[in-house]
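A structural walkthrough
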Amino acid sequence: MQALFIGQTYIDVTFITDHLPTGDEKHVASDYAVSFGGNAVTAAFCCAKLGVVPDLIATVANDWLGRMFQDMSAKYGISIHARKVNASSLSFIMPKDGKRAIVRCRDDVHIHPFPLLNLGNCRALHIDGHQPDAAIHYAKQCREAGILTSLDGGGLRTNTHELLEFIDVAIVAERLCEQMDLTPEKMLAYLKERGCKIGGITMGEKGLLWYDEAGTVQSLPAYPIPRERVIDTNGAGDVFHGAYVYSYLANPNAKWRDHFEFARAASTFKIQRLGNEAGLPTLADIDMVRQEFEIRV
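Residue positions are given per chain, counting from 1 as you read along its sequence in written order. Selection of residues for local features in this predicted model requires a pLDDT of at least 70, selection of side-chain atom pairs for listing and counting requires 80 or more, and totals for whole chains, interfaces and linings are taken over all residues. Side-chain metrics in this entry use all non-hydrogen atoms of the structure; hydrogen atoms and water are not considered.

**Regarding the side chain of serine 267**
A run of H or I in DSSP becomes a helix once it reaches four residues, and a run of E becomes a strand once it reaches two; helices and strands are each numbered from the N terminus. Within the element layout of this structure, serine 267 appears in helix α8 (residues 256–270). Think of a polar contact as two N or O atoms within 3.5 Å of one another; within protein, one of them needs to be a possible hydrogen donor and the other a possible acceptor, and neighboring residues in sequence only count if both atoms come from side chains. At 3.0 Å, the side chain of serine 267 forms a polar contact with the backbone oxygen of arginine 264. Once residues lying within four places of it in the same chain are set aside, the contact partners of serine 267 are Ala236, Val239 and Phe240. Residue contacts are defined here by distance: any two heavy atoms, one from each residue, within 4.5 Å place the two residues in contact.

Set out below in structure tokens:
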């Protein structure tokens, strides 16, 4: 095991349409994609695509969608440590004008306790707050073992405050700032108070506001991608997380700004493709994005 990711599994159905029917209407979408979904799950697939295949504790149901997810995982060589639920979770996603509307159908009632794993040579843990019991257990264990802990703080969860005590790298979404009624600057101060060595807030087209190893607050602007090339922003944050975890594993002595610049290129690739799987970049894809945009930043 090189890295461990923990999260809630979704099957994402993403479709492009200029009209959402109601009542007895019917309408044909112009394009669609079906893929794996979920914050830490998508991040794990991104990390695997880039070249470091992690282990993944994920919810899995014994239904045809669950079997589809296991087939997807096998394609990328990801070892799934399944946590059983009765039914697979679904997300229906409609991207439009750089935003996305989402309807979720979720089963997060776990039938069994989370699996207890031998971390072995694990060098990084990435969690999204789902499976809160597993998240806190492994965050504590990894902190004690000196293993890097990373959190995707996409939203406020029951144990967010407690969990942050054991997190080295906390990158949260603007949504968490809104839920906690904190400005971005106050959120960074809060993450510092909780002991996070690196903290940041992803802000879409406004880029990343973060503090480095010395606690210095700085910004990383988003690439100036033309609006007409933005197809699907869903999953861009997840790809960002998976990419910086990969970058850390590949170059552990690099500065975090380097890891985040790498991840910025990865998420820029994602938003130009429909669906999570199509949006996973290779190293060559990231190089091409950086060559195109870095001279303009």
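**A look at empty space enclosed by the protein**
Any residue with an atom within 4 Å of a point lines the site, the site being either a cavity, points on a 1 Å grid over the protein atoms alone where a 1.4 Å probe fits but cannot get out, or a pocket, an open set with protein on both sides within 12 Å along at least 5 of 7 lines. Grid points are joined across faces, edges and corners, and a volume is the space filled by probe spheres set on the points. Applying the stated criterion to the full structure yields two cavities of 30 Å³ or more. The volume enclosed by the largest cavity comes to roughly 80 Å³. Taken together, 15 residues line the largest cavity, and the ones lying closest to its centre are Thr9, Thr59, Ala61, Ser88 and Ser89. Mapped by element, the contributors of at least two residues to the lining of the largest cavity are β2 (10–16), β4 (55–61) and α2 (64–76). Taken as a whole, the second largest cavity encloses approximately 50 Å³ of empty space.

**Focus on the nonpolar core**
Ranked by size, the top nonpolar core spans 54 residues in total, and within it Phe45, Phe69, Tyr244, Trp256 and Phe260 carry the most contacts. Of all the elements, helix α7 (residues 236–250) adds the most residues to this core, at nine residues. With near-sequence residues (within four places) excluded, phenylalanine 45 lies in contact with Phe36, Phe69, Met72, Ser73, Tyr76, Ile78 and Leu280. One finds Ala134, Leu151, Ala170 and Cys177 within the second-largest nonpolar core, a separate group that totals 34 residues. Buried residues of nine kinds, namely Ala, Val, Leu, Ile, Met, Phe, Trp, Tyr and Cys, make up a nonpolar core once their side-chain atoms join them within 4.5 Å. Note on classification: 1.4 Å probe, protein chains only; a residue is buried when its accessible area is under 20% of the maximum for its type, exposed when over 50%, partly exposed between these limits.

**Here's the deal with the sheet that holds β2**
What links the strands of a sheet is backbone hydrogen bonding, and the strands pair in either a parallel or an antiparallel sense. The four strands lie next to each other as β3-β2-β6-β7, forming an open sheet whose pairing is mixed. Each end of this open sheet is capped by a strand with a single partner; those strands are β3 (31–37) and β7 (99–105). Each strand of the sheet is rotated relative to its neighbour by a mean of 20°, with strand direction disregarded. At least two bridges found by DSSP between two strands are what make those strands a pair. Across five bridges, β2 lies against strand β6 (residues 89–96) in parallel orientation. Bridge pairing links threonine 14 to isoleucine 93 in β6. To obtain each axis, a line is fitted to C-alpha atoms, and for helices this fit is confined to the stretch in contact; angles are then taken between N-to-C directions over 0 to 180 degrees. Together, β2, β3 and β6 form the strand contacts of α2, whose direction differs from that of β3 by roughly 80°.

**Observations concerning the environment of alanine 3**
Relative to the assigned elements, alanine 3 resides in strand β1 (residues 3–7). Between the C-alpha atom of alanine 3 and that of alanine 124, which follows or precedes it by 121 residues, the distance is 4.8 Å. Every residue in contact with alanine 3, bar those within four places of it in the chain, is listed here: Pro54, Asp55, Cys122, Ala124 and Leu249.

**Re helix α1 (residues 39–50)**
Here, expected helix span is obtained from the residue count minus one, scaled by 1.5 Å. For α1, with 12 residues, the first-to-last C-alpha span of 17 Å sits near the 16 Å given by 1.5 Å per residue. Within α1, 10 of the 12 residues are buried, leaving the element largely enclosed by the surrounding structure. Every buried residue belonging to α1 is among Ala40, Val41, Thr42, Ala43, Ala44, Phe45, Cys46, Cys47, Ala48 and Leu50, and all of these are buried. Backbone geometry just after α1 places glycine 51 at a positive phi near 135°.

**Notes on helix α9 (residues 283–293)**
Taken together, the buried positions of α9 are Asp285, Ile286, Val289 and Phe293. Each buried residue of α9 lies within a common arc of 100° when the element is viewed along its axis, so the set occupies one face. With respect to the buried face of α9, the exposed residues turned more than 90 degrees away are Met288 and Gln291. Residues of α9 that are buried make contact with α1 and α8. The arc refers to the directions leading from the helix axis to the C-beta atoms.

Treat this as a map of the structure, not an account of what it does.
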